[in-house]
Structures are given as C-alpha cells and as structure tokens.
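# Observations on the three-dimensional arrangement
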Amino acid sequence: MKKLSLPVALLWFHKSRMLFAMVLSVLVLMSEPASAVDFDVNGTNVSLGGYAKLMMIYDSDGTVKGGPFTGDIVAAYNAPLDGTSLADEKDFRMTARESRIFLKTKSKNEYGVLGTHIEGDFYGGSDYATSTWSNSDAFRIRHAYGLLTRGDHVLLAGQTWSTFMDLAAGVPDMDIAGDPGFTFVRQAQLRYQYNLSPGSNIALSVENPDRGLTATGDGPIFINSGFSTEGMPDFIVKYFYANQNLTASPRFLVRRFDLKDEATGESDTAMGWAAALSSSINLGSIKLYATFMYGDGIGRYGDLGNIGGAGLTSGNEVKTVVFMSANGGFTLALSDTIKWTVGSGWAENDDDAYGGSDPILTANATKTAIGYHTNIKFDVTPAFQWAIGMGSYEREVMDGRKGNMIRWQSYFQYSI
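Residues numbered from 1 in each chain as written. Predicted model: local features only at pLDDT ≥ 70, side-chain atom pairs only at ≥ 80, totals over all residues. Heavy atoms only, no water.

## Here's the deal with the pattern of salt bridges
Within the structure shown, the criterion is met by 20 salt bridges. With its nearest N and O atoms 2.9 Å apart, the salt bridge here joins D91 to K65. In this pair, D91 is assigned in strand β3 (residues 91-95) and K65 in the loop between β2 (44-61) and β3, connecting sequence segments 26 residues apart. Using a relative accessible area of 48% as the deciding quantity, one classes K65 as partly exposed. Note that E119 is salt-bridged to R100, the shortest N-O span being 3.7 Å. (Salt bridge = Lys/Arg side-chain N within 4 Å of Asp/Glu carboxyl O. Helix = DSSP H or I, 4+ residues; strand = E, 2+ residues; numbered from the N terminus. Buried < 20%, exposed > 50% of the residue type's maximum accessible area, 1.4 Å probe, protein only.)

Take a look at the structure:
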C-alpha cells in the first residue's frame, strides 16, 4: 500500500473530518421534525430548515418553452396562442429546482428583538442548467432581511414579499406562479409595522420600483416601451386583521412611471395606483379564500408582471393601463393529513390602451387571463408530503387571438 506524505495525510484527515461532520449533520436534519433545526449560538437562536422537492410536470394540451424559468413555472399569460408551434404540443419534465434552504436567527438586545431571515432556491439562471447532462441550476435569493421588534413596533429592512401581498388569502397551489390576478412580488423594501392588537396591524412601506415586463414570448407588448428610470419608490399602506376564523386585509399602492423616448429623448411621468381587498374564512373542515384588485398602472403587481402598467403615446406622454382581477377558492380537509383545494383567478387589462385614439399596447398584450387549478396534498409524515393536481390556463390578447394549455403536476417534498 502506498504511504501518504505528511501534508497529504493531514489534508486527507481534514477532509475526512469535514465529510463525517457533513454526513452527521444530514442524519441529524433527517431525524428532526419538518419545521427546522434549532440551536443556540452565544445567546442567539439559530434555525436551519428547508426542503428537497421533486416536481413532475406533464403538459397535455399546449406547453411553454424558454422564458426566465424554461417553462418550469407557468402562468396564464404564458399559455400558447392557437395556431402557434406549441399550441398542441405535449411535454413531460422533472425538476428539483424548487428545493430550498433557509437560515433564521433571533436575539435580544437593548433595542428589542432582532431577527434575520435568509432563504434561497435554485431558480437562478446557469450556463449549465441544461438537462442534457448536469441540470446545474443556480442558487438565488428569495428572502434576505432583518427584523427589529420593540413592543408593538416592527421595523423590517431587506428583501421579502411585497407589503401589497396577502399570503393569508392565497389559494394553495402547486405551481408557485399561481392563478392570474394574485400579486406575486418579492423585492427590497423598508417597512414599518405597528401592532394594534393581537392579530391586527397596520404597515407602511417604501419598496423598490420597477416598471415590469415590456415584452413576452409573443413579442413587444408596448408600441413604444421607451426607457424607464425609476425616480421614486413604490409606497404601500396595508391593514391586516386575523382571528381564529377570519383574516381580512385592505391595502393601497401608489407608484410613479418615469419614461423616456429613446429616439427623441423626450420624457414624461405619470402616477399609478392600486387597491386590493382580500380575506380568508375558516369554517372548520373548509377554508374559503377571496381577493379583489383594481387600479390604474398596477403593472407587475397584477401577478408576475404580466404587463408593464404604462407606456408612451405617439406624443411621448405616459399613459397607464387600467387593471382588475378576482381570485377565489377553497380548501377542504378530507382527513387530518389530506387536503383538497380548488382555486381560480381572472384578470383583465382595459383594452382602451389598445384601441383608443392614441394606443400604447400592441396586439400581443394580454387582454384577459383565466386560470383554474385543483390539487390534493397528503402529509404522509410531518416531514414528507406528496401531492397531485392540475391547472388549466386561458388567455386572450388585444386583437382577439386566444390560447390555452393544461398542466398536470405531482411532487414529493421532504422537509427538514
């Protein structure tokens, strides 16, 4: 047997210790309940958790290719239009990209209780993401923020769900894009929250401004998308109430569009706004969900940035797009471990921005989008969940063309 030199032997011993520690850590994580692994470091509570997830996807009537997530996530705005190359295609795929891990901390200091939350998944882009050989999808930030709580006052700084969202009223789905019309935005923000009473609070936030999408897979959605310079943050105010049987949340958003014509250099600004009301009702074995939204220039807050919210007219004036949506559904507990969910969503962009006297939208822009989904989720153990479901997505663009697709999904999720 060949003898190892002292440096090589020390390196082998060091790597072996690291490997043993990693294996031991994995075994410990696997033996813990699904919530997280908690431990104390110099007076700071640390929680490590997440899950590994295999998603199986079958598109039986139309499919999606390309885009920022290569079709692993789908929304009604992605449904292929009739007559296009993907309208009647079928496609099967498997992915583990939604697997995620988080690290949370909590400690006390002279100002109150300080918490942090860092979380990521594998929906980031990568040159090696091809399924031909490696499926090496890149890790990306989902949440990264700090939270200081002092009595009834809470200050949050960092990236997390927009204050304009109400997750308590979201219908549980299998595809994280969800049904059309439900706000889905994570972004950097500074938020102040005042707890009025247990379960009741009001929140004010300034959040990162972004115009949103100006093109889709079908091509440009603005006649003149212009150049966007965000000169003011988005401002949001939200009230949230919850008791054992009810949640309710009205909220309001104000934002500004700063657009410049790239050819002439002329610029203009306009204000946008949005209002939403959402609620969930717990009736024992059944839970109901509902959300309504309306505004002018909502843009990306109307679900995954289906439209930019504003564009330039022929006279280089900023014109906003009126938007409205409704979401609803229910979850029925079939047993202590099995839940059945049905949900739907509808969203519409006002066609006045397309067919008016000075239009800003092209024929490719979304006019209406409708989504339906249903799923059954089975908690096999506290740390292992299996689910199966399907979603149907339909859309119509401004010139009357329509498209649809049907997606079947199943997943195996192992939590730590």
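Next comes the rest of the account.
## Details of the pairing of β3
Side-chain alternation along β3 places D91, R93 and T95 on a buried face and F92 and M94 on a face that remains uncovered. With five bridges connecting them, β2 and β3 associate as antiparallel partners. The residue bridging M55 from the neighbouring strand is T95, located in β3. (Pairing = 2+ DSSP bridges.)

## Quick notes on unusual backbone geometry
Located in the positive-phi region is N42, a residue other than glycine, with phi close to 50°. Mapped onto the fold, N42 is located in the loop between β1 (37-41) and β2. Even without being a glycine, N135 presents a positive backbone phi close to 50°. Considering the arrangement of structural elements, one finds N135 in the loop between β5 (112-124) and β6 (138-150). The exposure class of N135 is partly exposed, given its relative accessible area of 42%.

## Remarks on the nonpolar core
Counting residues in each nonpolar core, the largest one holds 23 residues, and the members touching the most others are F164, L253, M293, I298, Y301 and M405. Apart from residues no more than four positions distant in its own chain, I298 is found in contact with R255, W273, A274, M293, V321 and F323. Within the second largest apolar cluster, nine residues are counted, among which are I221, I360, L361 and A365. (Core = buried A, V, L, I, M, F, W, Y, C linked by side-chain atoms within 4.5 Å. Contact = heavy atoms within 4.5 Å.)

## Regarding the side chain of D59
Within the secondary structure layout, D59 lies in strand β2. Look at D59 and you get buried, because its relative accessible area is 0%. Engagement of the side chain of D59 in a polar contact is seen with the side chain of T63, the distance being 2.7 Å. If sequence neighbours within four positions are ignored, D59 has contacts with V64, E89, K90, D91, R93, M405, I406 and R407. (Polar contact = N/O pair within 3.5 Å; in protein donor to acceptor, adjacent residues only side chain to side chain.)

## Considering empty space enclosed by the protein
A probe as big as a water molecule, rolled over the atoms, marks out the empty space that is left. Summed over all chains, the structure comprises four cavities of 30 Å³ or more. Taken as a whole, the largest cavity spans an internal volume of roughly 60 Å³. If you trace the largest cavity, you find it lined by M55, I57, D72, I73, T95, E98, Y123, M174, D175, I176 and Q409. Of the residues assigned to the lining of the largest cavity, the class counts are six nonpolar, two polar and three charged. (1 Å grid on protein atoms, 1.4 Å probe; cavity = no way out; pocket = protein on both sides within 12 Å on 5 of 7 lines; lining within 4 Å. Points joined across faces, edges and corners; volume = space filled by probe spheres on them. Nonpolar A, V, L, I, M, F, W, Y, C, P; charged D, E, K, R; others polar.)

## Structural notes on the packing of aromatic side chains
If you walk through the whole model with that rule in mind, you get eight aromatic pairs. Plain terms: the ring middles of F122 and F139 are 5.3 Å apart, the flat faces sit at 65° to each other, and that makes the pair edge-to-face. Of this pair, F122 sits in strand β5 while F139 sits in strand β6, and the two are 17 residues apart along the sequence. Its relative accessible area of 29% is what places F122 among the partly exposed residues. Pairing F384 with F412 gives two aromatic rings, centres 6.4 Å apart and planes at 15°, and the pair type is stacked. Of the two residues, F384 sits in strand β22 (residues 384-397) while F412 sits in strand β23 (residues 402-415), which places them 28 residues apart along the sequence. Every member of this aromatic cluster is reached through a ring pair, and the members are F252, W273 and Y294. Against the face of F102 rests K104, its NZ or CZ located 4.9 Å from the ring centre. Seen from the ring of F164, R251 lies directly overhead, with NZ or CZ sitting 5.5 Å from the centre. (Phe/Tyr/Trp six-rings, centres within 6.5 Å; stacked < 30°, edge-to-face > 60°. Lys NZ or Arg CZ within 6 Å of the ring centre and 35° of its normal.)

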